[in-house]
Amino acid sequence: MSNDAATGTPTLDGPQQEPPAHGLGASLLPADARAKTEGTFPYAADLWAEGLLWAAILRSPHPHARIVSIDTAAAAEMPGVRAVVTHEDVPGDSAYGRRIADRPVFASEVVRHHGEAIAAVAADHPDTARLAAAAIAVEYEVLDPVTDPEKAFAAEPLHPDGNLIRHIPLSYGDPEITGEVVVEGLYRIGRQDPAPIGAEAGLAVPRPDGGVEIYTASTDPHTDRDLAAACFGLDPDRVKVVVTGVPGATGDREDPGFQIPLGLLALRTGCPVKLAATREESFLGHAHRHPTLLRYRHHADAEGRLVKVEAQILLDAGAYADASSESLAAAVAFACGPYVVPHAFIEGWAVRTNNPPSGHVRGEGAMQVCAAYEGQMDKLAAKLGVEPAELRLRNVLATGDILPTSQTVTCPAPVAELLRSVRDFPLPPLPKDTPEAAWLLPGGPEGAGEPGAVRRGVGYALGMVHMLGAEGADEVSTATVKVHDGVATVICAAVETGQGFATLARQIVQETLGIEEVHVASVDTDQPPAGPAAHGRHTWVSGGAVERAAKMVRTQLLQPLAHKFGMSTELLQITDGKITSYDGVLSTTVTEAMDGKELWATAQCRPHPTEPLDASGQGDAFVGLAFCAIRAVVDVDIELGSIRVVEMAVAQDVGRVLNPAQLAIRIEAGVTQGIGTALTENLRTTRGVVRRPDLTGYALPTSLDAPDIRIVKLVEERDVVAPFGAKPASAAPVVTSPAAVASAVRAATGRPISRLPIRPQAAVAAAPSGS
């Protein structure tokens, strides 16, 4: 595929074919597109129930403190207040966690981060609930916070489990080997927030059997149910999670810290209780990307071929473990990038601090190391006097090469093809080639800089991500396909978070059964589990389950016909709702063949197993890998330090294009998110206290900040072990684009950009003449 210059959408190279109207390969519109466009889509914040109460959560103003006392009397006595709950009112497990149960529902003895939940209130009006929460008197003994992850090793334990969550000392090759050329670097990655369009919201409704139903925008409803049930002291079958409309998710929907207090209040009051978080509560309540400190030393020979990589990686997990173990594994495993490295020695740690909690955000672990190893490749190219793209080409990974974890790359790895595609794509015109009145200066349309101070830079980055869970995670999904009266229904607990699963499920059934009208049922925990929406797993695992179920229904449909005409079902095909035989003897419609019957089948999909990394960081930890190459073009005002991203040229390893329009949108969104990481997004803290937790203090890129995004190549080399051969689409550009922008700013300024987001003062420099 290439990019159409006029529209910016991907187009097929070579002879053009009319795209299918439906099925795999069609640009099928999402079923909810019209409702979302018109503003009628039902999000959790829109829910209502008879006798509704409103919830509010009291959060700690301190990042570290001992709780001396909690007095709820004043709040409980306020008119309209129906319940106040603290740690003393949690009937089951007092702490929860997806991997390690170390995060309390409500802080009891110690507060470990700014914004930690202390108590929750239910009242008949949202303002009453907030006033009551503010009226709860908490006496704190303020403690010195540990906010520097390097100091966490020697600090007093912040948690009974200690400050060290995980340590991975990866060792691969000969530690005594050295290269003729050595470059070193220290890199820092800031704290990125998922910043969802819609803040967290939910509705909990008590059930007659003493259980509770929770309506919320969950991305992993079965895990959320199990965690909540344990805290409620209930069997899981007495807690039901119903997934409402999810307004996008890049990890922020995975924290049940909003849902558990909601359910407790519903159980306590016997009434439906609704919570709609403010933007500040959203920033303080959910997990963020791990701030990371990275030290690197690259060894290469005189030709620029890598000999050895040494690195130390320190993830700031914040107060609780969450996904830090998995993030560290990805960071350590991918610390050398998609390059052949004969010898690697990577040491990684994830530690607790009194900073805001870190967790799963798209491309976790891989994004941080990509920014660092690509900074090292730029340094190595400069030291050797080699073009940055050429140096990378001399070292790129390919199928059959071995990762520093000793895992062989068995999936397609067209890294060199991707890099050549973006390198050879025509560069955008320089500002001097256009009238001065048409210049868009760094800083926006009314940029304050002078055209003479603007320097252009071109930079490159290669990124890689893993697919599905890792290190022995049991990836499995179940789906049911039903067909009746010419309409198909898909039942699968895979949550549509904006990644396009609901559309893909419709396409799969259309392709397999020739039925155009396909509905995807809403998700709740009465259905079999499908797992979390992350790492492209629903495209692979849930999509695979849908395909298997649809094929089973197809067999049920075709077997009677095949038997009647004395042939096998393989000799029959379904196209555009018609069933035909290879010899033309049989021709009928799917509706006629159904003859009023209802057909259905349930199937599972489980990919091949992986294994945990061992004590030296070795093991087949990943099911598969996906790769991306990006060339960034930026304009930098070297007097003001302002930066404008002019163009991002993207080439990506996608396995197979299942929905061209949707794929383009996913890539463009991923690139834009990465630009925010590179230039603006940083949730700042002062001694652990979040500064300005709102969308004014936290600067997201807007449409004015989005550059031209050119999808110059989509490599469709199918992964034979994946259903449809497709790979995840959005995480790879998120991982790669921040490093590409930093590389371009280095090229424009000559400065060693080593911190993300890039501060204006880091981009203030004289540039080489003629740039």
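Residues numbered from 1 in each chain as written. Predicted model: local features only at pLDDT ≥ 70, side-chain atom pairs only at ≥ 80, totals over all residues. Heavy atoms only, no water.

Visitor: Would you mind going over the overall build of the protein chain in detail, with residue names and values included?
Guide: Within the protein chain, the regular secondary structure consists of 15 helices and 33 strands. Each principal axis of the C-alpha distribution contributes one length, and for the protein chain these read about 85 × 75 × 60 Å. The buried share among the 771 residues of the protein chain stands at 60%. When contacts within the protein chain are restricted to residue pairs at least 6 apart in sequence, those whose partners lie at least 24 apart make up 79%. Carbon together with sulfur atoms contributes 51% to the accessible area of the protein chain, which is approximately 29,700 Å² in total. Both charge centroids of the protein chain, one from 64 positive and one from 94 negative side chains, sit 3 Å from each other. (Helix = DSSP H or I, 4+ residues; strand = E, 2+ residues; numbered from the N terminus. Buried < 20%, exposed > 50% of the residue type's maximum accessible area, 1.4 Å probe, protein only. Contact = heavy atoms within 4.5 Å. Areas by Shrake-Rupley, 256 points an atom, 1.4 Å probe, with all protein chains shown as cover. Lys, Arg positive; Asp, Glu negative; His and termini not counted. Charge placed at Lys NZ, Arg CZ, Asp CG, Glu CD.)

Visitor: Can you tell me about the pairing of strand E18 (residues 306-318), naming the residues and giving the values?
Guide: The element E18 is extensively covered by neighbouring structure, given that eleven of its 13 residues are classed as buried. Of the pairings in the sheet, the one linking E18 to strand E19 (residues 343-352) comprises ten bridges and is parallel in character. Bridge pairing in E19 places Val-309 opposite Ala-344. Crossover handedness for the path E18 to helix H7 (residues 324-333) to E19: right-handed. (Pairing = 2+ DSSP bridges. Right-handed = clockwise from strand over helix to strand, strands pointing away.)

Visitor: How would you sum up empty space enclosed by the protein? Please name residues and give values.
Guide: Considering all chains together, one arrives at eight cavities of 30 Å³ or more under this definition. Lining the largest cavity are 34 residues, and of these Gln-499, Thr-539, Arg-666, Ala-729 and Ser-730 sit closest to its centre. At the level of elements, helix H11 (501-513), helix H12 (537-565) and helix H14 (660-679) are the ones that each hand at least two residues to the lining of the largest cavity. For the lining of the largest cavity, the residue count by class is 13 nonpolar, 15 polar and six charged. Space inside the second largest cavity adds up to approximately 110 Å³. What lines the second largest cavity is simply Arg-59, Tyr-96, Arg-103, Pro-104, Val-105, His-113, Gly-115, Glu-116, Ala-117, Gly-257, Pro-261 and Gly-285. Among the residues forming the lining of the second largest cavity, the class breakdown is five nonpolar, four polar and three charged. (1 Å grid on protein atoms, 1.4 Å probe; cavity = no way out; pocket = protein on both sides within 12 Å on 5 of 7 lines; lining within 4 Å. Points joined across faces, edges and corners; volume = space filled by probe spheres on them. Nonpolar A, V, L, I, M, F, W, Y, C, P; charged D, E, K, R; others polar.)

Visitor: Can you break down the sheet that holds strand E23 (residues 518-520) residue by residue, with the values?
Guide: Here we have four strands laid out as an open sheet, ordered E23-E22-E21-E27, and mixed in their pairing. Sheet topology places E23 and strand E27 (599-605) at the edges, where each strand pairs with a single neighbour. Across the sheet, the axes of successive neighbouring strands diverge by a mean angle of 20°, strand direction being ignored. With seven bridges connecting them, strand E21 (residues 477-484) and E27 associate as antiparallel partners. Within the sheet, the bridge partner assigned to Val-483 lies in E27 and is Leu-599. On top of the sheet, H11 reaches E21, strand E22 (487-492) and E23; it is set at about 145° to E23, its chief contact. Across the sheet, H12 touches E21, E22 and E27, and the angle it forms with E27 is around 145°. (Axes fitted to C-alpha atoms, helices over the stretch in contact; angles between N-to-C directions.)

Visitor: Got a sec to walk through the packing of aromatic side chains? Specific residues and values, please.
Guide: Overall, the coordinates contain seven aromatic pairs when judged by the stated rule. Between Tyr-339 and Tyr-373, the ring centres sit 6.1 Å apart and the planes meet at 85°, which makes this aromatic pair edge-to-face. In this pair, Tyr-339 sits in the loop between H7 and E19 while Tyr-373 sits in helix H8 (residues 366-384), placing the two residues 34 residues apart along the sequence. Classification of Tyr-339 as buried rests on a relative accessible area of 2%. Under the relative-accessibility criterion, Tyr-373 is labelled buried at 1%. Taking NZ or CZ as reference, Lys-36 lies 4.9 Å from the ring centre of Phe-41, over its face. (Phe/Tyr/Trp six-rings, centres within 6.5 Å; stacked < 30°, edge-to-face > 60°. Lys NZ or Arg CZ within 6 Å of the ring centre and 35° of its normal.)

Visitor: So what about the pattern of salt bridges? Which residues, and what values?
Guide: Tallying each qualifying case throughout the model produces 35 salt bridges. Salt-bridge contacts for Arg-66 lead to Glu-141; the nearest nitrogen and oxygen are separated by 3.3 Å. Here the residue Arg-66 occupies a position in strand E4 (residues 65-71), and Glu-141 occupies one in strand E10 (residues 137-142), the gap between them amounting to 75 residues. For the salt bridge of Arg-191 with Asp-316, the shortest nitrogen-to-oxygen distance reads 3.7 Å. With Arg-191 in the loop between strand E12 (181-189) and strand E13 (201-206) and Asp-316 in strand E18, this residue pair connects regions lying 125 residues apart in the sequence. (Salt bridge = Lys/Arg side-chain N within 4 Å of Asp/Glu carboxyl O.)

Visitor: I'd love a proper account of the packing of helix H4 (residues 221-232) against helix H5 (residues 259-269), names of residues and values included.
Guide: Two elements in contact, H4 and H5, have axes whose closest approach is 10 Å; the angle formed by their N-to-C orientations is 50°. Relative to H5, the element H4 is oriented oblique. Handedness of the H4/H5 crossing: right-handed. Contacts between H4 and H5 involve Asp-224, Leu-227, Ala-228, Cys-231 and Phe-232 from the first element and Gln-259, Ile-260, Gly-263, Leu-264 and Leu-267 from the second. (Parallel < 35°, antiparallel > 145°, perpendicular 65-115°, else oblique. Left-handed = near helix turned anticlockwise from the far one by under 90°.)

Visitor: Quick rundown of helix H3 (residues 126-135)? Include the residues and the values.
Guide: Residues three or four positions apart in an α-helix share a direction because the helix packs 3.6 residues into each turn. Buried residues of H3: Pro-126, Thr-128, Ala-129, Ala-132 and Ala-133, and no others. All buried residues of H3 lie within an arc of 160° about the axis, which places them on one face of the element. Opposite the packed face of H3, turned more than 90 degrees from it, sit the exposed residues Leu-131 and Ala-134. Packing partners of the buried residues in H3 comprise strand E3 (53-59), helix H2 (73-76), strand E5 (81-85) and strand E9 (117-123). (Arc of directions from axis to C-beta.)

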